[in-house]
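# Commentary on secondary and tertiary structure
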Amino acid sequence: MPDVGEGLTEAEILKWYVQPGDTVEDGQVVCEVETAKAAVELPIPFDGTVHELRFPEGTTVDVGQVIISVNVGGGAAPEAPAAEAAPVVQAAAPAPVAPAVEEEAEPQGRTPVLVGYGVAASSTKRRPRKAAQGAVPAAPAAPAQAAPAVVAVPVAVPVSVPEQLNGHGPGAGRPLAKPPVRKLAKDLGVDLATVTPTGPDGIITREDVHAAAAPAPAPAVEAPAPVAEPVAVPAAAQAVQAAPAVSTDARETRVPVKGVRKATAAAMVGSAFTAPHVTEFVTFDITRTMKLVEELKSGTDMAGLRVNPLLLIAKAVLVAVRRNPEINAAWDEAAQEIVLKHYVNLGIAAATPRGLLVPNIKDAHAQTLPELSASLSELISKARDGKTTPAAMQGGTFTITNVGVFGVDTGTPILNPGESAILAVGAIKLQPWVHKGKVKPRQVTTLALSFDHRLVDGELGSKFLADVAAILEQPKRLISWA
């Protein structure tokens, strides 16, 4: 399983496009996997015949594990070992040497992986690594003529060497953890020195960090009925999601936490326990904006484009950011700096069959209204079709979440990690409203702005929210304030 981007540590196999015995070509897509928030198709980097699929659909696999074996010599894999048969190539990240080998041989060229190629060969020779607890030792090397043709040799999972990971040996006093785990701990506000490691050689794992960040469990209560063990399902019958464990009386269902839900949970916990949230609300008359939406729909300038209230709300946010640029910032804990962003990557929260995604429109501040409409349509369409890439969800600076489409008046949204503010848009409803001294039925909505109080003061948050509401009350300000 390759790292398909952004330092992801695992992915779920959604679908296999090939089966054992199928012929594959260099660049052919062999499977679709779901990372933390995106579905990605993986190509094979060589020609050959599929020998074995190591994991069924619905399985979550760590980066670096072998997921498919391919006979690169051409033809189907023989049923019995043969001295002249072609070797099997395992499609995975560049494999480490088995623990029993005293010294790594120099690789020739660059090793192909499922996406592109591995890193260039290094001239540095490393000392032998310890075998992971419970790992199967490598078998003694046999003569090449007697080697089985298509039986893949188990490859040991890489064991992290503290000196190579972070430059600190066991005696340095620093907790042992891989860089992604250190970043996770930083995002969740967890001190690694307080975490009890469960990994080999005392290494702290992601699960250890999540356990340390989780709130203290409530006192255990005896369950009214025993919970049955998960029912075994044949590999061929496994779907995209693993079968949940159901209690004997069908009163409970346990759903594995993985994929989008797992990533969302980690991000929300990290945000909620790192940034001090403040939420402000404003209720106002949005009737004129709704009339402008109807006018734009019937006009020629926006012909063929999707025009809805969200489009004008997004444009109002961009104008308000220009008037209050300090709202578009981020808190850098490591450097103890506030990073002001002179661009707006506008995130739009989208509910999809796989869960909540927040892709963003790059440089939305520089787009015209027709361009913004096209970008919004493309962003939402890709999110719902599961085609959003990891890059599309990175680098956001401000987010809009439209809970009004569910008939909800408003909410108190949690910040997207790395951003300083998020705007929740409530339902637009016909209500009695005082207009020009008389009570009339008007279209009214409520906006809620959550912001990070470390870098956004109440004055700045209030001015920004008031500006968004003022623009939507009088949409001509989209021009006069731009």
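### What about the overall build of the protein?
In terms of helices and strands, the protein carries nine helices and 23 strands. A separation of at least 24 residues holds for 60% of the contacts in the protein among residues at least 6 apart in sequence. Accessible area of the protein: about 26000 Å², with a carbon and sulfur share of 56%.

### Observations regarding the sheet that holds strand E1 (residues 10-16)
Taken in spatial order, the four strands make up an open sheet running E4-E3-E1-E6, and their pairing is antiparallel. Of all strands in the sheet, those bounded by a partner on one side alone are strand E4 (39-43) and strand E6 (60-62). Adjacent strand axes in the sheet meet at a mean angle of 40 degrees when their direction is disregarded. Where E1 meets strand E3 (residues 29-34), four bridges bridge the pair, whose relative direction is antiparallel. Counterpart to Lys15 in the pairing with E3 is Glu32.

### Description of the environment of Leu184
In this fold, Leu184 is placed in helix H2 (residues 179-188). Excluding anything up to four places from it in sequence, Leu184 contacts Arg206, Val209 and His210.

### Some thoughts on unusual backbone geometry
In this structure, Asp363 is a non-glycine residue whose phi angle is positive, near 50 degrees. Of note, Asp363 is situated in the loop between strand E19 (360-361) and helix H7 (369-384). On the basis of relative accessible area, Asp363 is assigned to the partly exposed category, the value being 38%. Although it is not a glycine, Lys436 sits at a positive phi angle of roughly 55 degrees. Secondary-structure assignment places Lys436 in the loop between strand E22 (429-435) and strand E23 (438-452). Relative accessible area serves as the criterion here: at 71%, Lys436 is assigned to the exposed category.

### Topic: the pattern of salt bridges
All told, the structure shown has ten salt bridges when counted by the stated rule. With a closest N to O distance of 3.1 Å, Asp467 and Arg323 form a salt bridge. Of this pair, Asp467 sits in helix H8 (residues 458-473) while Arg323 sits in helix H6 (residues 309-323), placing them 144 residues apart in sequence. A salt bridge links Glu378 to Lys382; the shortest N-O distance between them is 3.3 Å. Of the two residues, Glu378 and Lys382 are both situated in helix H7; the distance of four residues between them amounts to about one turn of the helix. For Glu378, a relative accessible area of 44% gives the class partly exposed.

### Observations regarding the packing of aromatic side chains
All told, the structure shown has one aromatic pair when counted by the stated rule. Ring geometry for Phe398 against Phe464: centres 5.4 Å apart, planes inclined by 55 degrees, an arrangement best described as tilted. Linking Phe398 in strand E20 (residues 398-402) with Phe464 in helix H8, this pair joins segments that are 66 residues apart in sequence. On the accessibility criterion, Phe398 (0% relative accessible area) is buried.

### A look at the packing of H6 against H8
At a minimum axis distance of 9 Å, the contact between H6 and H8 shows a crossing angle of 135 degrees. The angle between H6 and H8 places the two elements in the oblique class. As for how H6 packs across H8, the hand of that crossing is right-handed. Residues Leu312, Ile313, Ala316, Val317, Val319, Ala320, Val321 and Arg323 of H6 pack against Phe464, Asp467, Val468, Ile471 and Leu472 of H8. By residue class, the composition of the contact of H6 with H8 is eleven nonpolar, no polar and two charged.

### Let's talk about the confidence of the model for the protein
Overall, the prediction assigns the protein a mean pLDDT of 76, with 70% of residues at 70 or greater. Contacts of residues 92-172 to residues separated by more than four positions or lying in other chains number 107 contacts, the stretch itself having pLDDT below 50. Between residues 218-243, whose pLDDT stays under 50, and residues either more than four places distant or in other chains, the model counts 24 contacts.

### Some details on a nonpolar patch on the surface
A contiguous nonpolar surface patch, about 310 Å² in accessible area, is contributed by Val405, Phe406 and Val408. Structurally, the position occupied by Val405 is in the loop between E20 and strand E21 (421-425). Residue classification places Val405 among the exposed positions, given a relative accessible area of 58%.

### Quick look at the packing of H6 against H7
At a closest axis distance of 10 Å, the pairing of H6 and H7 adopts a crossing angle of 120 degrees. The angle between the axes of H6 and H7 places the two elements in the oblique class. Here H6 and H7 pass one another in a crossing that is right-handed. On the side of H6, the interface is formed by Leu311, Leu312, Ala314, Lys315 and Leu318, while H7 contributes Leu369, Leu372, Ser373 and Leu376. For the contact of H6 with H7, the per-class residue count stands at seven nonpolar, one polar and one charged.

### Let's talk about a positive patch on the surface
A contiguous patch of positive charge on the surface is contributed by Arg288, Lys291, Lys436, Lys438, Lys440 and Lys476. Structurally, the position occupied by Lys291 is in helix H5 (residues 287-298).

### Things to note about the environment of Ser462
Looking at the secondary structure, you find Ser462 in helix H8. Separated by 183 residues in sequence, Ser462 and Thr279 have C-alpha atoms that sit 9.9 Å apart. Looking at Ser462, its side chain comes within polar contact range of the main-chain oxygen of Gly458, at 2.7 Å.

### Comments concerning the side chain of Thr397
Topologically, Thr397 is positioned in the loop between H7 and E20. Using a relative accessible area of 1% as the deciding quantity, one classes Thr397 as buried. Only 2.9 Å separates the side chain of Thr397 from the side chain of Asn328, close enough to count as a polar contact. Apart from the residues lying within four places of it in its own chain, the contact partners of Thr397 are Asn328, Lys341, Tyr343, Val344, Asn345, Glu419 and Ser420.

About the thresholds
Residues numbered from 1 in each chain as written. Predicted model: local features only at pLDDT ≥ 70, side-chain atom pairs only at ≥ 80, totals over all residues. Heavy atoms only, no water. Helix = DSSP H or I, 4+ residues; strand = E, 2+ residues; numbered from the N terminus. Contact = heavy atoms within 4.5 Å. Areas by Shrake-Rupley, 256 points an atom, 1.4 Å probe, with all protein chains shown as cover. Pairing = 2+ DSSP bridges. Axes fitted to C-alpha atoms, helices over the stretch in contact; angles between N-to-C directions. Buried < 20%, exposed > 50% of the residue type's maximum accessible area, 1.4 Å probe, protein only. Salt bridge = Lys/Arg side-chain N within 4 Å of Asp/Glu carboxyl O. Phe/Tyr/Trp six-rings, centres within 6.5 Å; stacked < 30°, edge-to-face > 60°. Parallel < 35°, antiparallel > 145°, perpendicular 65-115°, else oblique. Left-handed = near helix turned anticlockwise from the far one by under 90°. Nonpolar A, V, L, I, M, F, W, Y, C, P; charged D, E, K, R; others polar. pLDDT = per-residue confidence, 0-100. Patch = residues over 30% accessible without salt bridge, like charges linked within 9 Å, V, L, I, M, F, W, Y side chains within 5 Å. Lys, Arg positive; Asp, Glu negative; His and termini not counted. Charge placed at Lys NZ, Arg CZ, Asp CG, Glu CD. Polar contact = N/O pair within 3.5 Å; in protein donor to acceptor, adjacent residues only side chain to side chain.

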